[in-house]
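Here's the letter readout for the chains.
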Amino acid sequence: MEISQHPIRITIIFGLICGLSFIPANLALNYVLRGPSVIYLTLWLYAAGYSLLLSHWSKKPILSIGFPLLLLFVTSILVDSMASFYFISVVVISWIRTGICFRIPCGKKFLVELLLCVLGGIQAALFRPGSALDWVLGIWMFFLIQSLYFVMIENNADRLDDQYETDPFERASRQAESILSDF
């Protein structure tokens, strides 16, 4: 996984932008459409934006993420349950991230995506948005959880260079310092 940008920081900032723009985007789409599909469409736009970022970071063509996004778009129109749409969104984002953009060994991929889905499910179960502030925090929390992917899947080149030079705790300390120094 060769990424020249800072995906952790960009994912967190993108999540904050999505959270803060949720209410204006929802109101704008409400002029065009009516019903619960407005919220789903807004969330689909954010998933599509995040997928475009993933495609850019992995240098994959945009058309490669087209089918999963089309499937999620159709789901946003047909599904009436927020829990169902959330679950399908997490699965589609996992599919795009590890199945299309960043191909990693199956065992590690399955464990990381399973952990992120469980964390996202816990967040969805415990945090039920009722106000505008709740939606902002909930969307940002979703992207904070998604940024954990880049924390858990480290750059293979760095791992191979450091494998024999330092112990894992020193390596983790250096990575944490580099993440904090980027902010």
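Refer to the structure above for everything that follows.
Below is a summary of the structure that appears in this document. From a predicted model like this one, the values you see are computed outputs, not experimental measurements.

## Re unusual backbone geometry
And step 1. The backbone of K59 shows a phi angle near 60°, a positive value even though the residue is not glycine.
And step 2. Take K59: it is sitting in the loop between α2 (37–58) and α3 (66–78).

## With respect to α3
And step 1. For α3, which comprises 13 residues, the first-to-last C-alpha distance of 18 Å matches the rise-based estimate of 18 Å (1.5 Å per residue) to within 8%.
And step 2. By the burial criterion, the buried members of α3 are P68, L69, L72, T75 and S76. Seen along its axis, α3 keeps its buried residues to an arc of 115°; they face one direction. Away from its buried face, by an angle of more than 90 degrees, α3 presents the exposed residues F67 and L78.
And step 3. Packing partners of the buried residues in α3 comprise α2 and α4 (82–101).

## Thoughts on the packing of α3 against α4
And step 1. Running from amino to carboxyl end, α3 crosses α4 at an angle of 175°, the nearest separation of the two axes being 10 Å. What the angle tells us is that α3 and α4 run roughly antiparallel. Residues F67, P68, L69, L71, L72, T75 and S76 of α3 pack against F85, I88, S89, V92, W95, I96 and I100 of α4.
And step 2. Taken together, the residues of the contact of α3 with α4 sort by class into eleven nonpolar, three polar and no charged.

## Quick word on the nonpolar core
And step 1. With 37 residues, the main nonpolar core has L54, I96, I139, F143 and F150 as its most contacted residues.
And step 2. Mapped onto this core, the elements with two or more residues apiece are α1 (7–32), α2, α3, α4, α5 (106–126) and α6 (132–152).
And step 3. When residues of this core are assigned to their parent elements, the largest contribution, nine residues, is made by α2.

Here is what the cut-offs are and how they apply
Residues numbered from 1 in each chain as written. Predicted model: local features only at pLDDT ≥ 70, side-chain atom pairs only at ≥ 80, totals over all residues. Heavy atoms only, no water. Helix = DSSP H or I, 4+ residues; strand = E, 2+ residues; numbered from the N terminus. Expected span 1.5 Å × (residues − 1). Buried < 20%, exposed > 50% of the residue type's maximum accessible area, 1.4 Å probe, protein only. Arc of directions from axis to C-beta. Contact = heavy atoms within 4.5 Å. Axes fitted to C-alpha atoms, helices over the stretch in contact; angles between N-to-C directions. Parallel < 35°, antiparallel > 145°, perpendicular 65-115°, else oblique. Nonpolar A, V, L, I, M, F, W, Y, C, P; charged D, E, K, R; others polar. Core = buried A, V, L, I, M, F, W, Y, C linked by side-chain atoms within 4.5 Å.

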